[in-house]
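Chain residues, written in single-letter form:
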There are 2 protein chains.
Amino acid sequence: MQTELSTRLGVEHAVFGFTPFPAVAAAISRAGGFGVLGAVRYGAGEELARDLDWMEAHTDGRPYGLDVVMPAKKVEGVTEADIEAMIPEGHRAFVRETLAKHGVPELAEGEASGWRITGWLEQVARSQLDVAFDYPVKLLANALGSPPADVVARAHDHGILVAALAGSARHALHHKEAGLDVIVAQGYEAGGHTGEIASMVLTPEVVRAVDPLPVLAAGGIGSGEQIAAGLALGAQGVWIGSLWLTTEEAELHSAALIRKLLAAGSGDTVRSRALTGKPARQLRTEWTDAWEDPDGPGPLPMPLQGLLVAEAVSRIQKYEVEPLLGTPVGQIVGRMDSVRPVQAVFDDLTRGFERAIDRVNRIAGRA
Amino acid sequence: MQTELSTRLGVEHAVFGFTPFPAVAAAISRAGGFGVLGAVRYGAGEELARDLDWMEAHTDGRPYGLDVVMPAKKVEGVTEADIEAMIPEGHRAFVRETLAKHGVPELAEGEASGWRITGWLEQVARSQLDVAFDYPVKLLANALGSPPADVVARAHDHGILVAALAGSARHALHHKEAGLDVIVAQGYEAGGHTGEIASMVLTPEVVRAVDPLPVLAAGGIGSGEQIAAGLALGAQGVWIGSLWLTTEEAELHSAALIRKLLAAGSGDTVRSRALTGKPARQLRTEWTDAWEDPDGPGPLPMPLQGLLVAEAVSRIQKYEVEPLLGTPVGQIVGRMDSVRPVQAVFDDLTRGFERAIDRVNRIAGRA
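Residues numbered from 1 in each chain as written. Chains lettered and ligands numbered in written order. Predicted model: local features only at pLDDT ≥ 70, side-chain atom pairs only at ≥ 80, totals over all residues. Heavy atoms only, no water.

As recorded by an unreviewed UniProt entry, chain A carries the name Nitronate monooxygenase family protein and is attributed to Streptomyces asiaticus subsp. ignotus.

Below, the structure written as structure tokens:
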């Protein structure tokens, strides 16, 4: 499965796998895809350096990428504490009450919140990049708009391609004008931050808008037939995130969450502002329901909501409070029904792709 | 473009074109696709008979189908007047006020409402079927669940395949259990009544759920690459509705509406209950906004909402009140940017399909 972009990056299959787990990213690259490690859960650069060292030792020299969450708009000199101070007390009370209603225990004294959003702050993302540029990262993706011009220039100086997610042709054109190299067209059905245009419509629209830049189809892809569909829509590859959550290598550390993912159908997700303040698709839970409740205060804008709920999410995860327990995931969750090694999942993708190509060739009278 | 289903129906291309306009349906069938005439706008059976006579004279013996809107649940002895009586006065006042705010003129004395929903009433749909069974209709599709068992049996007695739209695998399975022959998997991005699962995820999910029944991919399809994608997802054909609205043969009778369709982008639709009481994708207008307004009364359930707004929609259409003027249409509206004959649109679809197959074969190393 070779496109101009996959050839340029030196990978066997034009399958880009996004994951917060180094073991998953490395396994995707070893399988012949392109693993992209999500950096948002890292705080300081040192943690990232530790995991990039690990990636270097476990990717057999295969290429891989890094995904950061860097806001395009610079906010000078704003600290996490400044942002904390902007959160209304009513919202804090709503979080406390919702947790109390479900009997969610407190974290232990001095225990840090495991779920972090500090990677969204530009200074944190920049410190991560200072580290990343010392590694042979081949692609740098940004989940929140075009990265700042100096970051794009630095990446290009290191021979790194720069990608960004886009939920509309307009966003994609903005990325092209900012000098980016690859556009990830993130359809409505995708997990995480996403817009309202579904992949079937979005992918070809973005392909035409940014031509000749390569586009990756993201959203709803978890089988070889969906890869074939994404490529038929004009993409130079597919971007798969959710599917890896239920691989053996994923470090979810929650049997309850894995159970929920395996049990969920395609209709069990919701596009909600509950987690970050921007619409992000995730498992629908009593937590997301609480934030949709017209009698509640509703979510705050990014980045306030993420800071507001960080500790709560950590507590829900740590104590596996099932009714509230969720995760960003796309509608493809309906297809995730067993825990298997990345290599087995990847083999299914490539075999399913070949079968889908066989089938469309028969339909087209070319068999 | 041949599948088992297209062969069975005797059409050259597995492209099913749904349209309320006989001239469009006939042109689709003449072009080598399968035209499906929507019957919802017809009242009594005589009107339908007149247009089916016309179809017979203009399809050159090619096969075509009929789409009715028949509720699966039978409501015995309920008349339109009974349903009218269930509409709250507050909702009627809201309609009057919204129309007055935009200066929408009244219909002339004795002028009938052109926009009808009477086709949704089971007795009307049944009188249409009494007519339709006298014509060589090859496929009967129902937009509102499985048709009643006796209707399915009568269709089968006439050698007619029965299809129904499904927005989820659960709906699709229900259709299979009701003895239906074809499932139209209607993705989130589709125009008209639609669920929340996007085509990329829905199509293969429905294919697996109802195997070996044939599935048509509906929602987001308006180009040959999207046809290739739908078929790669396992469909035995595609179901295209919106795209024909801006063909020369379409009888929209509104230059303003055509202008709005040509100008709209993929983000200019909304899934709203404003038109029928069930979520249906349509152009976003000040009319749909009014029904979303938290200070307004909100839409009534089907079939009340359709009866409530029927005259208002007719007035908005007749006087082409632009801010309120809309129509059911899918996200593919972003691609509809010129008015052309059906044959030219169809030729683009088949040529684009061949190009998409060429491309995926190159990617798969089979060129």
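From this point on, the discussion continues.
Points about the overall build of chain A
On a plain count of helices and strands, chain A comes out with 14 helices and 11 strands. On C-alpha atoms alone, chain A measures out to a radius of gyration of 20 Å, which is about the 21 Å that the 2.2 N^0.38 rule sets for 367 residues. Its C-alpha atoms give chain A principal-axis dimensions of roughly 65 × 45 × 40 Å. In chain A, which comprises 367 residues, the share counted as buried stands at 60%. The contacts in chain A between residues at least 6 apart in sequence include a share of 68% that link residues at least 24 apart. Accessible surface for chain A amounts to roughly 13900 Å². Of this, 51% is attributable to carbon and sulfur atoms. (Helix = DSSP H or I, 4+ residues; strand = E, 2+ residues; numbered from the N terminus. Rg over C-alpha atoms; globule rule 2.2 N^0.38 Å. Buried < 20%, exposed > 50% of the residue type's maximum accessible area, 1.4 Å probe, protein only. Contact = heavy atoms within 4.5 Å. Areas by Shrake-Rupley, 256 points an atom, 1.4 Å probe, with all protein chains shown as cover.)

Here's the deal with the relation of the copies chain B and chain A
One copy of the chain maps onto the second through a rotation around an axis plus a translation along that axis. Superposing chain B onto chain A requires a rotation of 180° together with a translation of 0.0 Å along the rotation axis, leaving an RMSD of 0.0 Å. Taken together, the rotation and translation describe the operation of a two-fold axis. Across chain B, the rotation axis passes nearest the C-alpha of Ala229(B), at a separation of 2.0 Å. Both copies share a contact surface, since 100% of the interface residues of chain B are interface residues in chain A too. (Least-squares fit on C-alpha atoms with pLDDT ≥ 70 in both.)

What to know about the environment of Leu213(B)
Residue and element names in this part refer to chain B. Note that Leu213 resides in the loop between α9 (199–210) and β8 (215–218). Residues Leu213 and Val182, 31 residues apart in the sequence, show an inter-C-alpha distance of 6.1 Å. Contacts of Leu213, omitting those with residues within four sequence positions, involve Lys176, Leu180, Asp181 and Ile183.

Description of the interface of chain B and chain A
At the interface, 44 residues of chain B touch 45 residues of chain A. Here chain B packs against chain A, burying approximately 3600 Å² in sum over the two surfaces, 56% of which is carbon and sulfur. For the pair chain B and chain A, the number of links is 6 salt bridges. The partner of Arg208(A) in a salt bridge is Glu225(B), and the shortest N-O contact between them spans 3.6 Å. Where chain B touches chain A, the interface holds 21 residue pairs in polar contact (both at pLDDT 80 or more). For the side of chain B that touches chain A, the elements supplying multiple residues, two or more each, are α9, α10 (224–232) and α14 (342–363) of chain B. Considering each element in turn, the side of chain B that touches chain A owes the most residues, 9 residues, to α14(B). Looking at the side of chain B that touches chain A, its residues break down into 20 nonpolar, 14 polar and 10 charged. (Buried area = accessible area lost by both parts, 1.4 Å probe. Salt bridge = Lys/Arg side-chain N within 4 Å of Asp/Glu carboxyl O. Polar contact = N/O pair within 3.5 Å; in protein donor to acceptor, adjacent residues only side chain to side chain. Nonpolar A, V, L, I, M, F, W, Y, C, P; charged D, E, K, R; others polar.)

Focus: the sheet that holds strand β10 (residues 269–272) of chain B
Residues and elements named next belong to chain B. Taken in spatial order, the 3 strands line up as β7-β11-β10 in an open sheet, and their pairing is antiparallel. Two strands close off the open sheet at either side, each with one partner strand: β7 (192–193) and β10. The sheet contact formed by β7 and strand β11 (residues 280–283) spans 2 bridges and is antiparallel. Bridge pairing links Gly192 to Arg281 in β11. (Pairing = 2+ DSSP bridges.)

A closer look at the packing of helix α3 (residues 45–58) of chain B against helix α6 (residues 122–132) of chain B
All names here are of chain B. For the pair α3 and α6, the least separation of the axes is 8 Å and the interaxial angle reads 35°. α3 and α6 meet at a crossing whose hand is right-handed. Across the interface between the two elements, Gly45, Leu48, Ala49 and Leu52 from α3 touch Ser127, Gln128, Val131 and Ala132 from α6. Split by residue class, the contact of α3 with α6 holds 5 nonpolar, 3 polar and no charged. (Axes fitted to C-alpha atoms, helices over the stretch in contact; angles between N-to-C directions. Left-handed = near helix turned anticlockwise from the far one by under 90°.)

Brief notes about the domain arrangement of chain A
Residues and elements named next belong to chain A. For chain A, the domain assignment lists domain 1 (1–78 + 121–246) and domain 2 (80–113 + 252–336). Averaged C-alpha coordinates put domain 1 and domain 2 at centres separated by 25 Å. Interface area lost by domain 1 to domain 2 is led by His193, Leu245 and Thr246, which between them contribute 27%. Between the two partners, domain 1 and domain 2, sit 1 salt bridge. Measuring nitrogen to oxygen at the nearest pair gives 3.0 Å for the salt bridge that ties Arg335 to Glu225. Taken together, the links from domain 1 to domain 2 amount to 10 residue pairs in polar contact (both at pLDDT 80 or more). Looking at the side of domain 1 that touches domain 2, the elements that each hand over two or more residues are β7 (192–193) and α10 (224–232). Class assignment of the residues belonging to the side of domain 1 that touches domain 2 gives a composition of 9 nonpolar, 12 polar and 3 charged. (Domains from an automatic or database assignment.)

Section: helix α11 (residues 255–263) of chain B
Owing to its 3.6 residues per turn, the α-helix aligns residues three or four sequence positions apart on the same side. Residue and element names in this part refer to chain B. Every buried residue belonging to α11 is among Ala256, Leu257, Lys260 and Leu261, and all of these are buried. One face of α11 carries all of its buried residues, which in axial projection span an arc of 135°. On its buried face, α11 is in contact with β11. (Arc of directions from axis to C-beta.)

Notes on the pairing of strand β5 (residues 161–166) of chain B
Residue and element names in this part refer to chain B. Most of β5 sits inside the fold, with 6 of its 6 residues counted as buried. Here β5 shows two buried faces, one formed by Leu161, Ala163 and Leu165 and the other by Val162, Ala164 and Ala166. On the question of chirality, the crossover connecting strand β4 (residues 139–142) to the parallel β5 by way of helix α7 (residues 149–157) is right-handed. Note that β5 and strand β6 (residues 182–186) share 4 bridges and pair parallel. Looking at β6, one finds that Ala164 is bridged to Ile183. Handedness of the crossover joining β5 and β6 through helix α8 (residues 169–177) is recorded here as right-handed. (Right-handed = clockwise from strand over helix to strand, strands pointing away.)

Quick look at the packing of aromatic side chains
Within the structure shown, the criterion is met by 9 aromatic pairs over all chains. For the pair Trp287(A) and Trp291(A), a centre-to-centre distance of 5.9 Å together with 75° between the ring planes defines the contact as edge-to-face. Residue Trp287(A) and its partner Trp291(A) are located together in helix α12 (residues 286–292), separated by 4 residues, close to a single helical turn. This pair shows no difference in class: Trp287(A) is buried, exactly as Trp291(A) is. Ring centres 5.2 Å apart and planes at 45° place the aromatic pair Phe16(B) and Phe34(B) in the tilted group. Of this pair, Phe16(B) sits in strand β1 (residues 15–19) while Phe34(B) sits in strand β2 (residues 34–38), and the two are 18 residues apart along the sequence. Given the relative accessible area of 0%, Phe16(B) is considered buried. (Phe/Tyr/Trp six-rings, centres within 6.5 Å; stacked < 30°, edge-to-face > 60°.)

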